[in-house]
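As a plain string of letters, each chain reads:
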Amino acid sequence: MKPEALLYPTPAGLYCPAGRFHVDPVRPVERALITHGHSDHARAGHQHVLATRQTLEIMALRYGEDFTLSEQPAEFGEVIDVDGVEVTFHPAGHVLGSAQIAIEKSGTRIVVSGDYKRGIDPTCAPFEPVKCDVFITEATFGLPVFHHPDPKAETRKLLQSIVQFPERTHLVGAYSLGKAQRVIRLIRDCGYDRPIFIHGALAKLCDYYVSQGIELGELRPATLEKKDPAAFHGAIVVGPPSAFQDRWARRFNEPMISFASGWMMVRQRAKQGGVELPLVISDHCDWPELLETITEIGPQAVWVTHGREEALVRWCELQGIPAKPLHLVGYEDEGD
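Computed from a prediction, not measured in an experiment: that's the story for all the values here.

Asker: Which residues make up helix α9 (residues 309–318), and what are the values?
Answerer: Buried residues of α9: Glu309, Leu312, Val313, Trp315 and Cys316, and no others. Along the long axis of α9, the arc covered by the buried residues comes to 160 degrees, so they all point the same way. For α9, the exposed residues set more than 90 degrees away from the buried face come down to Glu310 and Leu318. In the core, the buried residues of α9 are packed alongside β11 (134–139), α8 (287–297), β18 (301–307) and β19 (323–325). Gly320 sits one or two residues past α9 and shows a positive phi near 80 degrees.

Pasting the structure below:
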């Protein structure tokens, strides 16, 4: 079976006509297979959703229990028959519950990787290479300039700043699903054992991570001691980046604005966001990891869904691997 007949892009997203399902559709559909819980991939309103248990539970936390009419949990490695199409979910290493989805029929296997990373992250299952005919990859950081540093080295910059500026409150911007919990765990793994304050928008998901066995240490609401500004001197406060642009951030003492993102490699982005302490911590592959992943899997073809598509397509072609961009729209960098 030709791969283009098994899976192809539509305005709603990638569609498998044989199985009558979409993967990470950007508009409500009858049957959706979801790679992970970020809002650009997991949307409410589908009639039936197939995803890992953790992704389904995360969607319920974010959108309410009625985010779909019916849901079906998938275990990693479990073979699921969807109208004659074999579907299996495999760890993507992006956030808790994130998965690659292998789609197979008539001897042709396509792997939709969703968003993924290769670095060590104790807050989610590590990426699992899956042999396939076609590998569909993102390219969020798909340019040779992107080489991500060691996340622990970046985290130590934050801890060193606290020692250097003990009177200042260090506000760390981190997206609510995945990045915030990973940053908190990195801070703990670097030896910081004091309470970490969190914005209220992070509470439900941090509680969920803890319920899944992810140790985050003592977390306190960032509003708990608002009548005593001195309580936040030298403290770490983690919150969504959007919160640092409003009045909520202004009550902290001489706030040191930080942001944990792969985009902090781009100085102009940090400057435009008023970020004083950029932390290059990404939940996506950098350029070398993208190339290493494609080389390791050895697909017959590579399709690129979103990001910096052209450079990666060109690299594949130079390696003798047929490649093409899919030009999908609606996918951002919420979990970068």
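Asker: Give me the lowdown on the packing of aromatic side chains, citing residues and values where you can.
Answerer: Enumeration over the complete set of coordinates arrives at nine aromatic pairs. Each ring, one from Tyr8 and one from Tyr15, has its centre 6.0 Å from the other, and the planes form 70 degrees; the classification is edge-to-face. A relative accessible area of 31% means that Tyr8 is categorised as partly exposed. Each ring, one from Tyr175 and one from Phe259, has its centre 6.0 Å from the other, and the planes form 75 degrees; the classification is edge-to-face. With a gap of 84 residues between them, Tyr175 in the loop between β12 (170–173) and α4 (179–189) and Phe259 in strand β16 (residues 256–260) connect regions that are remote in the sequence. Residue class for Tyr175 comes out partly exposed when judged on its relative accessible area of 22%. Pairwise contacts between aromatic rings join Tyr116, Phe127 and Phe135 into one cluster. Directly above the ring of Trp263 sits Arg269, whose terminal nitrogen or CZ lies 4.0 Å from the centroid.

Asker: Would you mind going over the sheet that holds strand β5 (residues 48–52) in detail, with residue names and values included?
Answerer: With mixed pairing, six strands are arranged side by side in an open sheet as β1-β2-β3-β4-β5-β6. Of all the strands in the sheet, the pair left with one neighbour each is β1 (8–10) and β6 (70–74). Averaged over all neighbouring strand pairs, the angle between strand axes comes to 30 degrees, with direction disregarded. Sheet topology places β5 next to β6; five bridges connect them, and they run parallel. Opposite Val49, over in β6, you have Glu71 as the bridge partner.

Asker: Before we move on, can you summarise the nonpolar core with the specific residues and values?
Answerer: Counting 31 residues, the largest nonpolar core has Ile187, Ile236 and Val238 as its most contacted members. Of all elements in the fold, only α3 (151–164), α4, β13 (196–198), α5 (203–211), β15 (236–239), β16 and β17 (277–279) reach the threshold of two or more residues within this core. A total of five residues in this core trace back to one element, the largest contributor, which is α4. Residues Leu14, Val23, Ile101 and Trp303 belong to the second largest nonpolar core, which totals 26 residues.

What counts, and at which threshold
Residues numbered from 1 in each chain as written. Predicted model: local features only at pLDDT ≥ 70, side-chain atom pairs only at ≥ 80, totals over all residues. Heavy atoms only, no water. Buried < 20%, exposed > 50% of the residue type's maximum accessible area, 1.4 Å probe, protein only. Helix = DSSP H or I, 4+ residues; strand = E, 2+ residues; numbered from the N terminus. Arc of directions from axis to C-beta. Contact = heavy atoms within 4.5 Å. Phe/Tyr/Trp six-rings, centres within 6.5 Å; stacked < 30°, edge-to-face > 60°. Lys NZ or Arg CZ within 6 Å of the ring centre and 35° of its normal. Pairing = 2+ DSSP bridges. Axes fitted to C-alpha atoms, helices over the stretch in contact; angles between N-to-C directions. Core = buried A, V, L, I, M, F, W, Y, C linked by side-chain atoms within 4.5 Å.

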